[in-house]
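Listed below are the residues making up each chain.
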Amino acid sequence: MLRLISRFVLPFLVTLPLTVLAAEKVAGNSSAELTLNDLEYLEMPGLNVMLAHDFYPEGHQGGVGIIQNDQRVATNGDLRLEPTPGQWEAVPAVGKRQIDRAKSEISVHMSYPDEKKDRKGFNPVIYPRDLAFGYTIRVRPEGAAFRIIVDLDAPLPAAWEGKVGFNLELFPGVLFGKSYYLDDQFGIFPRQPNGPGAVDEKFIDREDPFANGYQLAPLATGKHLTLVPESDRQRLEIESVRGGKLELLDGRAQHNNGWFVVRSVAAPGATQGAIEWLVKPHALPGFIHQPVVQVSQVGYHPKQQKVAVVELDSRDHSEHPIQVQRVSEKGLRDTVLEQKGHEWGKFLRYRILQLDFSDIRKPGMYVVKYGDHESAPFQISEHVFDRNVWQPTLEYFLPIQMCHMRVNDRYRVWHGWCHLDDALMAPTNYNHFDGYIQGPSTLTKYQPGEHVPGLDRGGWHDAGDFDLRIESQSETIYGLALAYEAFHPDYDNTTIDQQNRVVEIQQPDGKPDVLQQLEHGALTIVGGYKSLGRLYRGIQTATLRQYVLLGDPINMTDNVVYDKTKYADGKSPAVGLPGSKDDDWVFTEENPERELEVAAGLAATSRSLRALNAPLADDCLHIAEELWTVTKEKRPGARVPVAVELLLATKEKKYADFLVKNVALISDHFDRIGWVVGRTLPLIEDAAYHSTIEAAAKKYRAKIDELGAKTPYGVPYEPAIWGAGWQIQRFGVQQYFLHDALPDIFPTTYMLDAMNFILGCHPGSNTASFVSGVGAKSLIPGYGFNRADWSYIPGGIGSGTALIRPDFPELMEWPFFWQQGEYVLGEGTADYLFLILAAQHELK
């Protein structure tokens, strides 16, 4: 965060013209007035105003949003029912964005409730039963300022007067320690939420344990707000023209991940123009996006293709040569390559240049420069992947995520013994707040609330919370099993004591860490299957209070199986007190496709795990064979990966026969499952099978070439609200298997480009590696159970650069963005390990 503040703020405290000097040639619209562009948002140099391009308010993306001088500073401008709403509170249904080009006005109609989210689906919201009203938000430019106008369809119901207001959320990460004025009041934005506070009865919700009515007193109230007056880059003014006064609120009273909020409450009886604000963000004159040089933050093997990407403002027509400089141990710089960049074209909102410096192979440390802007230092070396790249994921991240264990790291304890009371059978006909849905039956012999044994071993906590999703467990063991089978990494730097449930980081125990992690994942899947007679869907906390816990998961439960006989009257202690009903719930589901995905992982695991734990490997194989027999899938192709892995595990002819019989199906879905079948080619002597697969492979290669050419990063990539890091890693892994099986059709290029994307060659100003603690600059802080400490878990892989629609890539230095920084288990973790090992293998 200090780097971000110094980069974006301090230079502009000295002298204003500095921003204009970055490009000698600036073309295009340099008007100092907001205009409506073809992408349906307002723009001028240094300022963008969006309305309803994104609608992901629980992730702080939606409503009115403001990008000021290359920094998203405000978002979620919308009518809300609470002063500082959190993740599970009501949001409106959003209509179609309307454009009036004659007025340069953008508008959208919204309404409460949103029936699609009311107690339904993933992360269901509890809407009040008496809630029903509609409204329109309009945004209209006024020179270099703009107006926000809210028109209500009808006066608010009497019960909702004083509750409904227009909120605009302010990104806290660039406000801490900065100042504000609101009329004659002033102060600085505090780093932590401070009192006084009080309970407001209007905002108590008996169904939501966090809607307890507690709010911090406003930082200030008034009609005219100025944010960060001391900085030309951040100064922003808001004036309430019509409607209630402005309140400047600290949104962290109930939610640690809250933002600062500016709010005006709608007046009773108001309709047209119920709320009107005049907003004046200060855009630096002639502002342009500063050049960003994007390279792998780790570096390159000498044999590797090396392409630097330079990201420029679309109006920046500067023609600096791109330089590659070798940095000596004396600090001297030798320019080993200097040439004009290849003009790739426009990607998102940027002009893109490329420089291929693959011919540079001399070992050493290097930087790439464009004008006065340069990359972080990186190495070119045959040993670039030998240390500090995939190892942190194996020796830190996976051990730290291990459930049902105590994890020691020298002086530090990452977490204590947790979830030893797993788990009670979930209630039926229940839509859980984290998206788990239990149908009318438990699908097992266990009744709701009954303890299910065998679930207190193995598994990894999923990403930023502590549940065990079956797909996260199975994807992780699948990737680890394939990695061990392909590359045999016998790296040992961790002690894992399953008997005593203790992990010691950086303490070797004579056993390969990959196999021990593989064992840990298999334990939870096999244990659940043996107890339930089927796969579990997931194991998750019962209450929202437990779910949002930050820090050590030892504090989630008392580790004692709940004994309902002690509380015959049903009045057990509240969660958080000894003896309470704080045990996790285990959910089941009817999902044959997911069961077959797990079966494939178990079959692969049975092969690799045999060297460490043969009985558990036998269990994995038995369960995979049983799922193959009993599962009735609906999606074509779902059975193919299981057939491949069981063929490799057993060599039984029936699996080969299935693949040959369904080769047309494999061909039709080659883009999704083709990578799996390549390993069967040496085992199946059928000419038609081989020729059909090769034809499908060539067709798929052409499709990849077409999609990859649409981005300057060499990989198919469609930016979205969620970072695509895990998807690109999975693509890279698939490319390895395709290359290994069909090297004449698939090169290593796409696999290596996918790796470089993860390691720093990706869109946006923040060119960090998505892997915390890996590379010269990496994703820190990260979104794990550590996030409240603004820290990181070494080797954790974040979601990556997200898209602020329609065209602004963003990777914030902010610990609470799950769609950007959340550590991804499953495909994210195992695929990253595999991808780096594959690159190391191919390049050596």
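What you see is a predicted model, and the numbers here were worked out from it, not measured in a lab. (Residues numbered from 1 in each chain as written. Predicted model: local features only at pLDDT ≥ 70, side-chain atom pairs only at ≥ 80, totals over all residues. Heavy atoms only, no water.)

**Notes on the overall build of the protein chain**
- Scanning the protein chain from N- to C-terminus turns up 17 helices and 43 strands.
- Principal-axis analysis of the C-alpha atoms gives the protein chain an extent of 80 × 80 × 55 Å.
- Residues classed as buried in the protein chain amount to 60% of the 844 residues present.
- In the protein chain, the share of contacts with a sequence separation of at least 24, taken over all contacts with a separation of at least 6, comes to 69%.
- Entry remark: accessible area of the protein chain is about 31,700 Å², with carbon and sulfur atoms responsible for 51%.
- A distance of 2 Å separates the average location of the 83 positive side-chain charges in the protein chain from that of its 109 negative side-chain charges. (Helix = DSSP H or I, 4+ residues; strand = E, 2+ residues; numbered from the N terminus. Buried < 20%, exposed > 50% of the residue type's maximum accessible area, 1.4 Å probe, protein only. Contact = heavy atoms within 4.5 Å. Areas by Shrake-Rupley, 256 points an atom, 1.4 Å probe, with all protein chains shown as cover. Lys, Arg positive; Asp, Glu negative; His and termini not counted. Charge placed at Lys NZ, Arg CZ, Asp CG, Glu CD.)

**Re the pattern of salt bridges**
- In total, this model carries 44 salt bridges according to the counting rule given.
- Its salt-bridge partner being Arg242, residue Glu276 comes within 3.0 Å of it at the nearest N-O pair. With a gap of 34 residues between them, Glu276 in strand 21 (residues 275-281) and Arg242 in strand 18 (residues 236-242) connect regions that are remote in the sequence.
- Judged by relative accessible area, Glu276 falls into the buried class, the value being 8%.
- A relative accessible area of 40% means that Arg242 is categorised as partly exposed.
- Where Glu319 meets Arg351, a salt bridge forms, and the shortest distance between an N and an O atom there is 3.8 Å. (Salt bridge = Lys/Arg side-chain N within 4 Å of Asp/Glu carboxyl O.)

**Examining the sheet that holds strand 33 (residues 412-415)**
- The mixed open sheet is built from four strands, whose spatial order is 33-32-39-38. With partners counted over all chains shown, the strands left at the sheet margins are strand 33 and strand 38 (494-497), one partner each. For this sheet the average axis-to-axis angle between neighbouring strands, irrespective of direction, equals 20°.
- With four bridges joining them, strand 38 and strand 39 (residues 502-505) adopt antiparallel strand pairing. (Pairing = 2+ DSSP bridges. Axes fitted to C-alpha atoms, helices over the stretch in contact; angles between N-to-C directions.)

**Looking at the nonpolar core**
- The biggest cluster of nonpolar side chains holds 144 residues, and the ones touching the most others in it are Val586, Leu659, Phe670, Tyr689, Phe746, Tyr832 and Phe834.
- Setting aside anything within four residues of it in sequence, one finds Tyr689 in contact with Leu659, Val660, Val663, Ile666, Val677, Thr680, Leu681 and Ile684.
- Counting residues in hydrophobic clusters, the runner-up holds 66 residues, among them Val125, Tyr135, Ile137 and Phe816. (Core = buried A, V, L, I, M, F, W, Y, C linked by side-chain atoms within 4.5 Å.)

**Some details on the packing of helix 3 (residues 391-400) against helix 17 (residues 827-843)**
- At a minimum axis distance of 11 Å, the contact between helix 3 and helix 17 shows a crossing angle of 165°. As the angle between them shows, helix 3 and helix 17 are arranged roughly antiparallel. When you trace helix 3 past helix 17, the crossing you get is left-handed. Facing helix 3, whose interface residues are Thr393, Leu394, Phe397 and Leu398, helix 17 presents Thr829, Tyr832 and Leu833. (Parallel < 35°, antiparallel > 145°, perpendicular 65-115°, else oblique. Left-handed = near helix turned anticlockwise from the far one by under 90°.)

**Remarks on the packing of aromatic side chains**
- One pass over the full model with this rule turns up 47 aromatic pairs.
- Taken together, Phe171, Phe176, Tyr180, Phe189, Trp259, Phe260, Trp790, Trp814, Phe816 and Phe817 form an aromatic cluster joined through their ring pairs.
- We note Lys163 situated over the ring of Trp160; from NZ or CZ to the ring centre the distance is 4.8 Å.
- We note Arg679 situated over the ring of Phe737; from NZ or CZ to the ring centre the distance is 5.1 Å. (Phe/Tyr/Trp six-rings, centres within 6.5 Å; stacked < 30°, edge-to-face > 60°. Lys NZ or Arg CZ within 6 Å of the ring centre and 35° of its normal.)

**Focus: the sheet that holds strand 24 (residues 307-313)**
- Here four strands make up an open sheet; going across it, the order is 22-24-28-27 and the pairing antiparallel. A single partner strand is all that each edge strand has here, and the edge strands are strand 22 (292-294) and strand 27 (342-347). In this sheet, adjacent strand axes meet at a mean angle of 25° when their direction is disregarded.

**Observations concerning the pairing of strand 4 (residues 61-68)**
- Counted residue by residue, strand 4 has eight buried out of eight residues, so it is predominantly covered.
- Strand direction decides the pairing type here: strand 3 (residues 47-56) and strand 4, joined by seven bridges, are antiparallel. Residue pairing in the sheet places Leu51 in a bridge with Val64 of strand 4.
- In this antiparallel pair of consecutive strands, strand 3 and strand 4, the connection spans four residues, and His60 shows a positive phi of 60°.

**Some remarks on the environment of Glu43**
- Secondary-structure assignment places Glu43 in strand 2 (residues 42-44).
- Accessibility expressed as a relative area gives 28% for Glu43, which makes it partly exposed.
- The spatial distance from the C-alpha of Glu43 to the C-alpha of Ala687 is 59 Å, given a sequence separation of 644 residues.
- Contact partners of Glu43, with chain neighbours within four places excluded, come to Glu33, Leu34, Thr35, Asn37 and Asn48.

**Focus: the packing of helix 4 (residues 470-487) against helix 7 (residues 592-609)**
- At a closest axis distance of 8 Å, the pairing of helix 4 and helix 7 adopts a crossing angle of 35°. Crossing of helix 4 against helix 7: the hand is left-handed. Residues Ile470, Glu471, Ser474, Ile477, Tyr478, Ala481, Leu482, Tyr484 and Glu485 of helix 4 touch helix 7, and the partners they reach there are Arg594, Val598, Ala600, Gly601, Leu602, Ala604, Thr605, Arg607 and Ser608.
- Tallied by class, residues from the contact of helix 4 with helix 7 come to 10 nonpolar, four polar and four charged. (Nonpolar A, V, L, I, M, F, W, Y, C, P; charged D, E, K, R; others polar.)

**What to know about helix 4**
- With 18 residues, helix 4 ought to run about 26 Å at 1.5 Å a step, and its terminal C-alpha atoms sit 26 Å apart, in line with that.
- Burial of helix 4 is extensive: 15 of the 18 residues sit out of reach of the surface.
- Just past helix 4, the residue His488 takes up positive phi, approximately 50°. (Expected span 1.5 Å × (residues − 1).)

**Side note on the side chain of Arg252**
- With respect to the helices and strands, Arg252 occurs in the loop between strand 19 (246-250) and strand 20 (260-265).
- You can call Arg252 buried: its relative accessible area is 10%.
- In terms of polar contacts, Arg252 uses its side chain to reach the backbone carbonyl oxygen of Arg191, at 2.5 Å.
- In terms of polar contacts, Arg252 uses its side chain to reach the side chain of Asp250, at 2.9 Å.
- In contact with Arg252, other than residues within four places in its own chain, are Phe176, Pro190, Arg191, Gln192, Pro193, Gly258 and Phe260. (Polar contact = N/O pair within 3.5 Å; in protein donor to acceptor, adjacent residues only side chain to side chain.)

**Section: the confidence of the model for the protein chain**
- Of the residues in the protein chain, 95% have a pLDDT of 70 or more, and the chain-wide mean is 93.
- Counted against residues more than four places away or in other chains, residues 1-29, with its pLDDT under 50, gives 60 contacts. (pLDDT = per-residue confidence, 0-100.)

**Considering helix 17**
- Between its terminal C-alpha atoms helix 17 stretches 23 Å, which fits the 24 Å expected from 17 residues at 1.5 Å a residue.
- The element helix 17 is extensively covered by neighbouring structure, given that 15 of its 17 residues are classed as buried.

**Details of unusual backbone geometry**
- Of note, the amide linkage connecting Gly195 to Pro196 takes the cis form, showing an omega dihedral of 5°.
- Looking at the element boundaries, Pro196 is found in the loop between strand 13 (185-188) and strand 14 (197-204).
- The amide bond that connects Arg805 to the next residue, Pro806, takes the cis arrangement and shows omega of 5°.
- Relative to the elements of secondary structure, Pro806 occurs in the loop between strand 42 (802-804) and strand 43 (808-810).
- A positive phi angle, near 65°, is found at His404, a position not held by glycine.
- With respect to the helices and strands, His404 occurs in the loop between helix 3 and strand 32 (406-409).
- Non-glycine residue Asn429 carries a positive phi angle of around 50°.

**So, the environment of Met556**
- As for its position among the elements, Met556 is in the loop between helix 6 (544-547) and strand 41 (585-587).
- As a C-alpha pair, Met556 and Lys653 span 97 residues in sequence and 49 Å in three-dimensional space.

**Points about the pairing of strand 8 (residues 105-112)**
- Within strand 8, six of the eight residues are buried, which leaves it mostly tucked inside the rest of the structure.
- In the sheet, strand 7 (residues 98-100) pairs with strand 8 via three bridges, with the strands oriented antiparallel. In the strand pairing of strand 8, Gln98 is matched with Ser107.
- Between strand 7 and strand 8, which pair antiparallel in sequence order, lie four residues; one of them, Ser104, sits at a positive phi of approximately 55°.
- Pairing of strand 8 with strand 9 (residues 133-142) involves seven bridges; the strand directions are antiparallel. Bridge pairing in strand 9 places Met110 opposite Tyr135.

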